[in-house]
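Secondary and tertiary structure notes
The chain contents come next:
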Amino acid sequence: KDFILQEIQKWGAEVAIVVAFGQILSQRFLDLFPFGAVNVHGSLLPKWRGAAPIQRSVEAGEAETGVALQKIVRELDAGDVLGVRKLTVDPNETAIELHDRLAVLGADLLCVELMDFLRGNLVPVAQDATQATFAKKLDKAESLIDWSKSAISIHNKIRAFTMGPGTYTIFKGKKLKIHRTKVVEANKLSESTRNEMIASKFQPGQLVRLSADSLWILTGNGVIEILEVQPESKTKMKVGDFVRGQDLQLGLEFNQ
């Protein structure tokens, strides 16, 4: 470690830039740079400090998020903020898609705010710690879909977990990964469909509508449409391709 620090010191760099680095940097490392180190963080700090800010903001159904450039201190994501960029999140946008848009904004922060800071033209702003929320690391144990949850919460989790580790349900005893979904708006449920669902006494996790290119699954509150899946040991596919290879009927369970 001493050798590495000595080599870095020889560079004579003014500042270190960190992106998606999951460890607390040592004070010895930070002290190598006259302006310390800055971090490009995928949220509007102090909201969503921690390991998975993009995924947790999507999971929470945030309509607006952004990226922040902050000075690194020894406390997790608590440093003063040099600048932010905001954007609106599409309700069907995945975490991967959002990440790619945020990356562009993060690069702009480095070109503008960071350079202003180094020239002495920008004063960092302290975070309001009372407004902080924590974005904990995603756990594989969270990947199994709980159909008793609402359609919107399931949809948001699927969107969020596209950026690892993914989501799945158990279909005919095997894992079926769910890659893309859409919440069926209540006004798109025809009266005949609603009456059929009531009469058949469907339970969350059961198939309530089937067509050549559509699967609708009942949840604890609302209906979700499956758009892209990945059967066990197979590649990702449109739901229409999946339907053509299966013997499906209404009431079939997608949770066992």
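Coordinates for the structure precede this section.
Now for a description of the structure that goes with this document.

The rules behind these values
- Residues numbered from 1 in each chain as written.
- Predicted model: local features only at pLDDT ≥ 70, side-chain atom pairs only at ≥ 80, totals over all residues.
- Heavy atoms only, no water.
- Pairing = 2+ DSSP bridges.
- Helix = DSSP H or I, 4+ residues; strand = E, 2+ residues; numbered from the N terminus.
- Buried < 20%, exposed > 50% of the residue type's maximum accessible area, 1.4 Å probe, protein only.
- Core = buried A, V, L, I, M, F, W, Y, C linked by side-chain atoms within 4.5 Å.
- Patch = residues over 30% accessible without salt bridge, like charges linked within 9 Å, V, L, I, M, F, W, Y side chains within 5 Å.
- Areas by Shrake-Rupley, 256 points an atom, 1.4 Å probe, with all protein chains shown as cover.
- Salt bridge = Lys/Arg side-chain N within 4 Å of Asp/Glu carboxyl O.
- Expected span 1.5 Å × (residues − 1).
- Bend = angle between axes of the 7 residues up to and from the residue.
- Contact = heavy atoms within 4.5 Å.
- Axes fitted to C-alpha atoms, helices over the stretch in contact; angles between N-to-C directions.

1. Thoughts on the pairing of strand β8 (residues 174-184)
For strand β7 (residues 167-171) and β8, the ladder comprises five bridges, and the chain directions are antiparallel. Among the inter-strand pairings, F171 is bridged to a residue of β8, identified as K174. Where β7 hands over to β8, the hairpin turn is made up of two residues, of which K172 adopts a positive phi near 55°. Alignment of β8 against strand β11 (residues 223-231), held across eight bridges, turns out to be antiparallel. Note on β11: the bridge partner recorded for T181 is I226.

2. Concerning the environment of D90
Locating D90 in the fold gives a position in the loop between β5 (81-88) and α4 (95-118). Looking at D90, the relative accessible area reads 41%, which means it is partly exposed. C-alpha separation for the pair D90 and V58, spaced 32 residues apart in sequence, amounts to 9.7 Å.

3. Things to note about the nonpolar core
Here is a general trend for soluble globular proteins: nonpolar side chains tend to be buried in one another's company. Ranked by internal contacts, the top residues of the largest apolar core, which has 22 residues, are V38, L69, L82, L98, L102, L114 and F117. Sorting the residues of this core by element identifies β2 (37-41), α3 (53-59), β4 (64-71), β5 and α4 as the ones contributing at least two each. Top element by residues in this core is α4. It accounts for seven residues. Core analysis: the next-biggest nonpolar cluster, separate from the first, contains 21 residues, I158, I178, L248 and F254 among them.

4. Some remarks on a nonpolar patch on the surface
Together, I24, L76 and F134 make up an exposed nonpolar region whose accessible area comes to about 290 Å². Within the fold, I24 resides in the loop between β1 (16-19) and α2 (27-30). The class of I24 is partly exposed, set by a relative accessible area of 44%.

5. Regarding α4
Over its 24 residues, α4 runs 32 Å from end to end, which matches the ideal 34 Å to within 8%, given 1.5 Å per residue. Remark: the principal bend of α4, roughly 30°, maps to L109. Here α4 has its buried residues at A95, L98, L102, G106, L109, E113, L114, F117 and L118. Tucked into the core, α4 has its buried residues touching β1, β2, α3, β4, β5 and α5 (151-160). After α4 finishes, the residue G120 shows a positive phi value of roughly 85°.

6. Digging into the sheet that holds β1
To summarise the sheet geometry, strands pair through backbone hydrogen bonds and adopt either a parallel or an antiparallel arrangement. With respect to topology, four strands assemble into an open sheet ordered β1-β2-β4-β5, the strand pairing being mixed. Edge positions in the open sheet fall to β1 and β5, since each of these has one partner strand only. The sheet shows a mean angle of 15° between the axes of neighbouring strands, taken without regard to direction. Where β1 lies against β2, four bridges are found, and the strand directions are parallel. When the sheet's bridge partners are listed, I17 is paired in β2 with V38. Strands β1, β2, β4 and β5 of the sheet are contacted by α4, whose axis makes an angle of about 150° with β5.

7. Re the pattern of salt bridges
All chains considered together, the criterion is met by 13 salt bridges. The salt bridge involving E59 is made with R56; its shortest N-O contact spans 2.7 Å. Here R56 and E59 lie together in helix α3, a separation of three residues that amounts to about one turn. With its nearest N and O atoms 2.8 Å apart, the salt bridge here joins E93 to R101. Taking the relative accessible area as the measure of exposure, R101 reaches 35% and is therefore partly exposed. Within the structure, one salt-bridge network assembled from shared partners comprises R56, E59 and E142.

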